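One-letter residues, chain by chain:
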Amino acid sequence: MTQGAPSFSRSLREGGGSDFVGTIQPMLKLSRQDYDALRRHGEKTYPHECCGVLLGHMDDDGTRTVTSTARAGNTRTDSAHNRYNIDPRELVRIQREGRERGEDIVGFYHSHPDHPPRWSSTDLAEAHWFGCSYVITSVEKGKAAITNSFELTGSDENDKQLVDEMIDVA
Ligand SMILES: [Zn+2]
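First, a word on what this report is: a plain description of the structure on this page. Predicted model only: the values in this text are computed from it and were never measured. (Residues numbered from 1 in each chain as written. Predicted model: local features only at pLDDT ≥ 70, side-chain atom pairs only at ≥ 80, totals over all residues. Heavy atoms only, no water.)

## A word on the overall build of the chain
Then, number 1: A tally of helices and strands in the chain yields four helices and seven strands.
Then, number 2: Going residue by residue from the N terminus, the α and β elements of the chain occur as α-β-α-β-β-α-β-α-β-β-β.
Then, number 3: Burial status across the chain gives 41% buried among its 170 residues.
Then, number 4: Contacts in the chain between residues at least 24 apart in sequence constitute 63% of all its contacts with a sequence separation of at least 6.
Then, number 5: By element, 52% of the accessible surface of the chain is carried by carbon and sulfur atoms, the whole surface being about 9,800 Å². (Helix = DSSP H or I, 4+ residues; strand = E, 2+ residues; numbered from the N terminus. Buried < 20%, exposed > 50% of the residue type's maximum accessible area, 1.4 Å probe, protein only. Contact = heavy atoms within 4.5 Å. Areas by Shrake-Rupley, 256 points an atom, 1.4 Å probe, with all protein chains shown as cover.)

Below, the structure written as structure tokens:
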């Protein structure tokens, strides 16, 4: 009975979400104000990349909730249209100021001017904060377009991955 096979595999797919059984679905929550702020930043620095830091807290269910964003300067002035780097001293300052408000670093964002909002091999290579969100906004002809977020998973530099996660704008 070969007819049975297609409907069986179809019903498996219709089950949906089976990848997430017993695991935590990564998610980033942020306010409309913070969401708009990082997108506006990408428009402001166009045609160069913007970059910044997401501050907030990590919930027990793995959700990262953003309570503020901090703009950072892009130190990559040589090739700022496809590379970004936050000055380590600026990052330390942002982290300290966040802690004074009871906030932790929960992620980073940058823009892709006239480029899809997918992470590049450079983005992965330069991502080192496990369990944090990496948000990428595409900016098309100066206007913020699609915004995606990825969680950096893994335990070390060899097995790290950027995994799609949902963005919940409240
Ligand atoms: Zn990038």
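On we go from here.
## Observations concerning the coordination of the zinc ion
Coordination angles at a metal have ideal targets, namely 109.5 degrees for four tetrahedral donors and 90 or 180 degrees for six octahedral donors.
Then, number 1: For the zinc ion, the full set of protein donor atoms is His110 (NE2), His112 (NE2), Asp123 (OD) and Asp123 (OD), and the range of their distances to it is 2.0 to 2.5 Å.
Then, number 2: Around the zinc ion sit four donor atoms, and with donor-metal-donor angles ranging over 55 to 157 degrees the site reads as irregular. (Donors = N, O, S within 2.8 Å, 3.2 Å for Na, K, Ca; no water. Tetrahedral: all angles 85-135°; square planar, octahedral: opposite > 155°, others 65-115°.)

## Re the environment of Asp123
Then, number 1: For Asp123, the location among the structural elements is in helix α4 (residues 121–125).
Then, number 2: Spatially, the C-alpha atom of Asp123 lies 9.7 Å from that of His110, the residues being 13 residues apart in sequence.
Then, number 3: In terms of polar contacts, Asp123 uses its side chain to reach the side chain of His110, at 3.3 Å. (Polar contact = N/O pair within 3.5 Å; in protein donor to acceptor, adjacent residues only side chain to side chain.)

## Points about unusual backbone geometry
Then, number 1: Geometrically, the link from Tyr46 to Pro47 is a cis peptide bond, its omega value of 5 degrees lying close to zero.
Then, number 2: Relative to the elements of secondary structure, Pro47 occurs in the loop between α2 (32–45) and β2 (51–58).
Then, number 3: For Lys141, which is not a glycine, the phi torsion comes out positive at approximately 50 degrees.
Then, number 4: Position of Lys141 among the secondary structure elements: in the loop between β5 (133–140) and β6 (143–153).
Then, number 5: Judged by relative accessible area, which is 77%, Lys141 ranks as exposed.

## Description of the pattern of salt bridges
Then, number 1: This structure, assessed with the given rule, holds eleven salt bridges.
Then, number 2: As a salt-bridge pair, Arg64 and Glu151 come within 3.4 Å of each other at their nearest N and O atoms. Here Arg64 is found in strand β3 (residues 64–72), whereas its partner Glu151 is found in strand β6, with 87 residues between them in sequence.
Then, number 3: Glu151 sits in the buried class, given a relative accessible area of 15%.
Then, number 4: Between Glu97 and Arg93 there is a salt bridge, with the nearest N and O atoms lying 3.3 Å from each other. Of this pair, Glu97 and Arg93 both sit in helix α3 (residues 88–100), four residues apart, which is roughly one turn of the helix. (Salt bridge = Lys/Arg side-chain N within 4 Å of Asp/Glu carboxyl O.)

## Section: the packing of aromatic side chains
Then, number 1: Per the counting criterion, the structure on display carries two aromatic pairs.
Then, number 2: Consider the rings of Phe108 and Trp129, whose centres lie 5.3 Å apart with planes at 70 degrees: the pair is edge-to-face. Residue Phe108 is located in strand β4 (residues 104–113), and its partner Trp129 is located in the loop between α4 and β5; the two are separated by 21 residues in the primary sequence. (Phe/Tyr/Trp six-rings, centres within 6.5 Å; stacked < 30°, edge-to-face > 60°.)

## Comments concerning the nonpolar core
Then, number 1: Val53, Ile86, Phe108 and Tyr134 are the most contacted members of the largest nonpolar core, which totals 19 residues.
Then, number 2: Among the secondary structure elements, those contributing two or more residues to this core are β2, β3, α3, β4, β5 and β6.
Then, number 3: Here this core takes three residues from β2, the largest share from any one element. (Core = buried A, V, L, I, M, F, W, Y, C linked by side-chain atoms within 4.5 Å.)

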